[in-house]
Amino acid sequence: MPTLLSSPHFTLFFLPPHPVLITLFAERFSDIVLTNLPAAAIRLRAQMMKAAICTGYGSADVVRIVDVPKPVAGDDEILIRVRATTVTSGDWRIRSLEMPPGFGPMARLIFGITKPRQPILGSEVAGEVEAVGKDVSKFRVGDRVVAFDGSGLRCHAEFKCIRESGNVVRIPDQMDFTTAAALPFGGTTAMDFLRRVGLTASEKILVIGASGSVGSAAVQLARHRGAHVTGVCSSANVEMVSSLGAERVIDYGKEDVTSLDPDFDVVMETVGALNLTQSLRLLRSGGRAAMIAGSLSDMLTASWKSKSRGLKAVVGPAAEKHEDLQEIVALAAEGIFRPVIEHTYAFEQIAEAHRRVQQRRKRGNLVITLP
Ligand SMILES: NC(=O)c1ccc[n+]([C@@H]2O[C@H](COP(=O)([O-])OP(=O)(O)OC[C@H]3O[C@@H](n4cnc5c(N)ncnc54)[C@H](OP(=O)(O)O)[C@@H]3O)[C@@H](O)[C@H]2O)c1
């Protein structure tokens with residue numbers, strides 16, 4: 001006869017909860033909540049909203065628009081009625097779990113082991129303040145705002161809550177929601193990496209992926225700093241990259257970037273087409289590499305590979321800084337920075353936008369508009 005203590009049920013019951021088990025339980029629980037939403041919607045119709053959720057990891061087919069509870073602003077939060085949002089390469093990476101080489105297992109721990117723990121993706125929104133918490137003093141109902149929330153997500157919905165101390169700023173009167181929503185992701189990522197590599201006036205920068213969201217922002221911001229910009233893109237985008245301020249544009253279909261002379265002060269790699277060694281090889285003495293889509297191996301070897309040659313490499317996530325969002329909005333208001341928008345989709349077409357991002361060929365940004 002097994003004693004109570006040796007019973008497997010007893011042991012299981014009293015085992016300290018393991019983080020992975022907790023995660024699996026949380027993911028299962030979110031299934032139960034989401035599949036019961038239709039019933040909840042009938043009871044709480046007034047407090048429901050439409051949101052695009054990811055039902056699992058995979059292709060754009062996992063994206064569904066469903067009714068979910070409308071968020072309520074906490075004491076220090078504002079509730080934004082979303083008028084425009086975007087589908088970014090970040091959303092594609094979380095939805096598909098296609099990460100730069102080496103980051104896959106880590107990504108499951110961060111985003112969810114079997115499916116996205118936060119099923120509503122989207123990191124940037126523009127809209128109107130619909131409600132404010134009792135301690136909010138900086139914003140009022142009716143304010144037009146743009147917000148960037150890469151860690152909180154939940155922007156692919158009719159409403160989004162964010163703390164007033166979070167990454168949210170007012171939109172200038174003359175700026176529309178579509179433009180505002182396309183500013184933060186590419187603009188602040190490019191701004192952060194340009195600062196970290198310390199690009200100065202009259203230096204030479206090579207931007208690989210100059211037609212993407214980050215790349216098209218980097219070309220404009222580098223030009224604004226007075227740098228000499230060379231952009232790399234496909235032939236279809238040469239004219240556009242040139243119009244953004246690149247002095248020279250290399251069509252990667254015609255010219256092998258890896259065989260360029262080591263003539264650049266900064267190489268900004270936004271595609272994952274060149275690894276760290278290849279990027280460092282293009283730098284002149286004292287040069288810096290910004291590996292925006294760098295692999296885990298690039299990250300782990302960045303310090304010794306660059307320092308041993310008297311160079312510098314920056315790999316890893318961009319910081320989300322309130323002052324960067326403020327600056328990019330101000331630059332856009334002055335007409336110095338203009339987000340490239342390839343296409344605007346209605347909210348119902350959001351899966352189409354996911355499909356386009358996944359091709360990794362989009363020009364700038366894809367905006368989703370809501371009524
Ligand atoms: N570290 C961070 O914090 C951070 C933040 C944001 C984004 N990212 C990463 O940065 C990368 C870029 O993001 P994104 O949103 O800018 O991507 P995106 O908008 O999808 O842009 C990709 C661009 O790359 C171009 N391209 C494709 N193959 C190329 C090649 N071999 N050489 C040159 N250009 C090429 C494509 O244009 P063509 O049609 O002309 O080829 C396209 O315009 C992603 O991997 C993303 O995950 C990292």
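Computed from a predicted model, the values in this text were never measured in an experiment.

Draft legend 1. View of the overall build of the protein chain. A tally of regular secondary structure across the protein chain gives 13 helices and 15 strands. Of all 371 residues assigned to the protein chain, the portion counted as buried reaches 43%. Within the protein chain, counting contacts between residues at least 6 apart in sequence, those at least 24 apart form 67% of the total.

Draft legend 2. Region of the structure containing the pairing of strand β8 (residues 204-208). With five of its five residues buried, β8 lies for the most part within the structure. Taking every second residue as pointing to the same face, both faces of β8 are buried, with Lys 204, Leu 206 and Ile 208 on one and Ile 205 and Val 207 on the other. With five bridges connecting them, β8 and strand β9 (residues 228-233) associate as parallel partners. Paired with Lys 204 across the bridge in β9 is His 228. For the crossover that starts at β8, traverses helix α8 (residues 213-224) and ends in the parallel β9, the hand is right-handed. Sheet topology note: the β8/strand β11 (residues 264-269) ladder contains four bridges and is parallel. Across the sheet, Ile 208 pairs through a bridge with Glu 269, a residue of β11.

Draft legend 3. Region of the structure containing the pairing of strand β3 (residues 77-86). With nine of its ten residues buried, β3 lies for the most part within the structure. Of the pairings in the sheet, the one linking β3 to strand β6 (residues 159-163) comprises five bridges and is antiparallel in character. Bridge pairing in β6 links Leu 79 to Cys 161. Bridge analysis of β3 against strand β4 (residues 124-132) gives seven bridges, and the strand direction is antiparallel.

Draft legend 4. Seen up close, the packing of helix α4 (residues 89-96) against helix α13 (residues 350-358). As a packed pair, α4 and α13 sit with axes 9 Å apart at the nearest point and diverge in direction by 95°. As far as their axial angle goes, α13 and α4 are roughly perpendicular. Of the residues in α13, those in contact with Ser 89, Asp 91, Trp 92, Arg 95 and Ser 96 of α4 are His 354, Val 357 and Gln 358. Each residue belonging to the contact of α4 with α13 can be placed in one class, and the counts come to two nonpolar, four polar and two charged.

Draft legend 5. Region of interest: the site of the ligand. As a structural note, the neighbourhood of the ligand is formed by 31 residues, with Ser 89, Gly 212, Val 214, Ser 234 and Ala 293 the closest of them. For the shell around the ligand, the secondary structure elements donating two or more residues are α4, α7 (184-197), α8 and β9. Looking at the shell around the ligand residue by residue, the class counts come to twelve nonpolar, 14 polar and five charged. If you count residues domain by domain, the shell around the ligand takes at least three from each of domain 1 (12-182 + 340-369) and domain 2 (185-315).

Draft legend 6. Expanded view of the environment of Val 146. Counting through the fold element by element, Val 146 comes out in strand β5 (residues 144-148). Through-space distance from the C-alpha of Val 146 to that of Val 169 is 5.6 Å; in sequence the pair is 23 residues apart. When neighbours within four sequence positions are excluded, Val 146 is seen to be in contact with Ala 126, Val 169, Ile 171, Ala 180, Ala 181, Leu 183, Pro 184 and Val 329.

Draft legend 7. Broad picture of the environment of Ile 341. With respect to the element layout, Ile 341 can be found in strand β14 (residues 341-346). Judged by C-beta crowding, with 18 C-beta atoms within 10 Å, Ile 341 ranks as partly exposed. Through-space distance from the C-alpha of Ile 341 to that of Ser 213 is 8.7 Å; in sequence the pair is 128 residues apart. Sequence-distant contacts of Ile 341, defined by excluding residues within four places in its chain, comprise Thr 178, Ala 182, Gly 364, Asn 365 and Val 367.

Draft legend 8. Region of interest: the sheet that holds strand β12 (residues 283-291). Judged by pairing direction, the sheet is parallel, and its six strands sit side by side in the order β10-β9-β8-β11-β12-β13 without closing on themselves. Each having just a single partner strand, β10 (248-251) and β13 (312-315) make up the two edges of the open sheet. When strand polarity is set aside, the average angle formed by the axes of neighbouring strands in this sheet is 15°. Against the sheet, α7 engages β11, β12 and β13, with an angle of about 150° to β12.

Calculation notes
Residues numbered from 1 in each chain as written. Predicted model: local features only at pLDDT ≥ 70, side-chain atom pairs only at ≥ 80, totals over all residues. Helix = DSSP H or I, 4+ residues; strand = E, 2+ residues; numbered from the N terminus. Buried ≥ 20, exposed ≤ 12 C-beta atoms within 10 Å, placed from the backbone. Contact = placed C-beta atoms within 7 Å. Pairing = 2+ DSSP bridges. Right-handed = clockwise from strand over helix to strand, strands pointing away. Axes fitted to C-alpha atoms, helices over the stretch in contact; angles between N-to-C directions. Parallel < 35°, antiparallel > 145°, perpendicular 65-115°, else oblique. Nonpolar A, V, L, I, M, F, W, Y, C, P; charged D, E, K, R; others polar. Near = placed C-beta within 6 Å. Domains from an automatic or database assignment.

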